[in-house]
Amino acid sequence: MSLQVQVTFDCADPDALARFWIEVLGYKYDDPPPGYATWDEALDAMNVPAERRNDASACHDPDGRGPRLFFQRVPEGKTAKNRVHLDVRAAAGLAGDERMAALEDKCASLVELGATRLRRSEPGEPFSSGFIVMQDPEGNEFCLD
């Protein structure tokens, strides 16, 4: 039996955070259950009230290579540094100035989507070929690598 990985985000606004990561990774929303053309149609049939329709959201890699991402609403906000984070491989195979230029370009586009830039690690620092530490719109750390 083959196991699969799903990454779950606790958050305040599941749909907004899913939209952010869909843009970052080129993912797509999960399809509604069979027999329903849209999620609204499915949620109507399930009698899910309007105030509960943003309790969860999910997306996946359309090519089937990356993990599914699941976003669930929780009442508390983020209070500490992540112990696990995503590395967004935006410059795989690149080195030196070319690598850092590609990372800076991607960083600028993610800031426009609502991410926050935290710091840059230069090539040659211990265990680093260069990366940029960022936060998604809800403060979850991730690296552009």
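Residues numbered from 1 in each chain as written. Predicted model: local features only at pLDDT ≥ 70, side-chain atom pairs only at ≥ 80, totals over all residues. Heavy atoms only, no water.

**So, the nonpolar core**
A general trend in soluble globular proteins is that nonpolar side chains are found buried together. Put simply, the test is: Throughout this description, the term nonpolar core refers to a set of buried Ala, Val, Leu, Ile, Met, Phe, Trp, Tyr and Cys residues connected via side-chain atoms within 4.5 Å. Type-normalised accessible area, obtained with a 1.4 Å probe on protein chains alone, sets the label of each residue: buried when under 20%, exposed when over 50%, and partly exposed for intermediate values. Secondary structure follows DSSP: runs of H or I at least 4 residues long count as helices, runs of E at least 2 residues long count as strands, and numbering of each begins at the N terminus. Only heavy atoms matter for contacts: two residues are in contact if any of them lie within 4.5 Å across the pair.
With 23 residues, the main nonpolar core has Trp21, Leu69, Phe71, Leu110, Met134, Phe142 and Leu144 as its most contacted residues. Counting residues per element, the ones that place at least two in this core are β1 (6-11), α1 (14-25), β4 (68-73), α3 (96-113), β7 (131-135) and β8 (141-144). With 6 residues, the single largest contributor to this core is α1. Apart from residues no more than four positions distant in its own chain, Leu110 is found in contact with Phe20, Val24, Ala115, Met134, Phe142 and Leu144.

**Brief notes about the environment of Asp10**
On the secondary structure map, Asp10 appears in strand β1. For Asp10, a relative accessible area of 41% translates into the label partly exposed. When the C-alpha positions of Asp10 and Glu76 are compared, they lie 8.9 Å apart, and in sequence the two are 66 residues distant. If we skip the residues at most four places from it in the chain, Asp10 touches Gln72 and Val74.

**Section: unusual backbone geometry**
Residue Asn47 is not a glycine yet carries a positive backbone phi of 60°. Of note, Asn47 is situated in the loop between α2 (39-45) and β3 (56-60). With a relative accessible area of 68%, Asn47 lands in the exposed category.

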